[in-house]
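# Summary of structural features
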Amino acid sequence: MKRVAAGDQSAFATLYDAIAPRAYGLIRRITRDPALAEEVTQDALVEVWRTASRFDAERGSAVGWILSIAHHRAVDRVRAEQAAADRERRTGTVSVPFDEVIAEVTARLEHQAVRRCLRALTSIQREAILLAYYGGLTYRDVAERLGAALPTVKTRMRDGLIRLRDCLGVTLG
Amino acid sequence: MTDIHTFAGAYALHAIDRPERARFERHLAECPSCAAEVAEITDTMAALSDATAEAPPARLRAAVLARSAATPQVERSVSRLRIRLPAVRWQRLAAAAAAVVALGGAGVAGYETANDSALVDDTRVSAENKQIAAVLAAPDARLHSVRAAGGGQVTVVSSHSLNEAVAVLGKLPSPGAKHAYQLWVISDGTPRNAGVLAAGSTGATELVSGIHGAQLIGITREPAGGSRTPTQPLVARVSLT
């Protein structure tokens, strides 16, 4: 990352090779459209290049930072598309098959530890996290969808994430 | 009552709207444990990404590399540094910079001042150190730091209210015995001399006066004694805005 931040193009090419499948795969899960995913991945990785000097190793891993940028770009895009579609239809109904996405993601979680840790969560914790992360929903949307109170969803999301973190043993430094 | 800490999870998942996001980011700046929690959640979710990894179309690589080659990179921003440095660390940084000044009076005296007597020089250095301390302590002090081309770091603390800045140059590559680094205050593309380091010197702390209307402080490598206008490309450019 330091070499990338210093403007080293070949270091960025190496970084691309290491991270692009994970960024593209994540973005594709969220956008559910290969062409859109390609476009968003391009934007996200150019953003990584542009802002590489802001990466701070004391605040997490480079992979985490990059995927966070990828995730943010993807959910922003999905929300913008959704808002445009809603304006067009004037129905306001959400008709995207999030459940399919979540089912697919969990089915593909080959990593035993990840699958075991997700299973260890309560169902509301797990659904809140997966709907927000892969569905691109805000916690308000999640609350509506799950028929739960706003503060409940917010705290369950956080509690679930902390449990997931502890289960996977992710710590800084 | 809404406990703002509880937003950490939703924030890390980008699951809050813009006003809440802005509010939580202000809180993050003052809450190291929240920042750590967000970072750990971010890394946790990244651990899930192996499961969804998928090879992108081959053309994406060329597209990303071509666009990045044409995209200038940002310097580390002030707001980012403010977030990173809580008040205590900020003060420690200012104190550290002041200590550098105190220890490295030679750096400050690095101007070419052949005619000055030692006494005059000492008095001037002492006055400059006071001014430097004032800039570092100014309530509107802003910090910008960039890596210089070829290595080393240039950090500038500027105060608009004092119309002054302090530039700390560290570990620059040796300019060679017959060359020196020179500072420039750049306003609308026009550089003005802001001091020359001693020949061969790779670091110094310099007080730069008269920054109103300027956008940049630039550093070039010049023949010893400095030049009237830059003769070499900038090795570092630090934003003042």
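A brief structural summary. Computed from a predicted model, the values in this text were never measured in an experiment. Each chain carries its own residue numbering, running from 1 in the written order of its sequence. Each chain takes a letter, starting from A, and each ligand takes a number, starting from 1, following the order in which they are written. Selection of residues for local features in this predicted model requires a pLDDT of at least 70, selection of side-chain atom pairs for listing and counting requires 80 or more, and totals for whole chains, interfaces and linings are taken over all residues.

### Re the overall build of chain B
Looking only at helices and strands, chain B has 9 helices and 8 strands in total. Across the 241 residues of chain B, 35% fall into the buried class. Any two residues are considered in contact once their C-beta atoms, placed from the backbone, lie within 7 Å. Put simply, 59% of the contacts in chain B that link residues at least 6 apart link residues at least 24 apart. A run of DSSP states H or I qualifies as a helix once it reaches four residues; a run of E qualifies as a strand once it reaches two. Both are numbered from the N-terminal end. Counting other C-beta atoms within 10 Å of its own, a residue is labelled buried from 20 upward, exposed at 12 or fewer, and partly exposed in the gap between, with every C-beta atom placed from the backbone.

### Here's the deal with the interface of chain B and chain A
Interface size is often expressed as the accessible area that is lost when the parts come together. With 49 residues of chain B in contact, the opposing surface of chain A contributes 58 residues. Elements represented by at least two residues in the side of chain B that touches chain A include exactly α1 (7-12), α3 (32-47), α4 (49-52), α5 (59-69) and α6 (78-84) of chain B. Ranked by residues supplied to the side of chain B that touches chain A, first place goes to α3(B) with 11 residues. The residue classification treats Ala, Val, Leu, Ile, Met, Phe, Trp, Tyr, Cys and Pro as nonpolar and Asp, Glu, Lys and Arg as charged. All others, Gly included, are polar. Per-class residue counts for the side of chain B that touches chain A are 26 nonpolar, 11 polar and 12 charged.

### Digging into the packing of helix α2 (residues 9-31) of chain A against α5(B)
Axis definition: a line fitted to C-alpha atoms, over the contacting stretch in the case of helices. Angles run 0 to 180 degrees between N-to-C directions. Running from N to C, α2(A) and α5(B) point in directions that differ by 145°, and their axes come no closer than 11 Å. With respect to the hand of their crossing, α2(A) and α5(B) are arranged in right-handed fashion. Here A:Gln9, A:Phe12, A:Ala13, A:Tyr16 and A:Ala20 of α2(A) come into contact with α5(B), specifically with B:Leu60, B:Arg61, B:Val64, B:Leu65, B:Ser68 and B:Ala69. The residue inventory of the contact of α2(A) with α5(B), partitioned by class, reads 8 nonpolar, 2 polar and 1 charged. When the near helix sits turned anticlockwise from the far one by under a right angle, the crossing is termed left-handed; a clockwise turn instead gives a right-handed crossing.

### Looking at the nonpolar core
Counting residues in each nonpolar core, the largest one holds 67 residues, and the members touching the most others are A:Ala23, A:Ile27, A:Ala132, A:Tyr139, A:Met157 and B:Ala10. At 10 residues, the largest contribution of residues to this core is made by α2(A). When neighbours within four sequence positions are excluded, A:Tyr139 is seen to be in contact with A:Ala132, A:Val153, A:Lys154, A:Met157, B:Ala10, B:Ala15 and B:Ile16. Formed by 34 residues, the second largest nonpolar core is a distinct cluster that contains B:Leu169, B:Tyr181, B:Leu216 and B:Ile219. Take the buried Ala, Val, Leu, Ile, Met, Phe, Trp, Tyr and Cys residues, join any whose C-beta atoms are within 7 Å, and the set you get is a nonpolar core.

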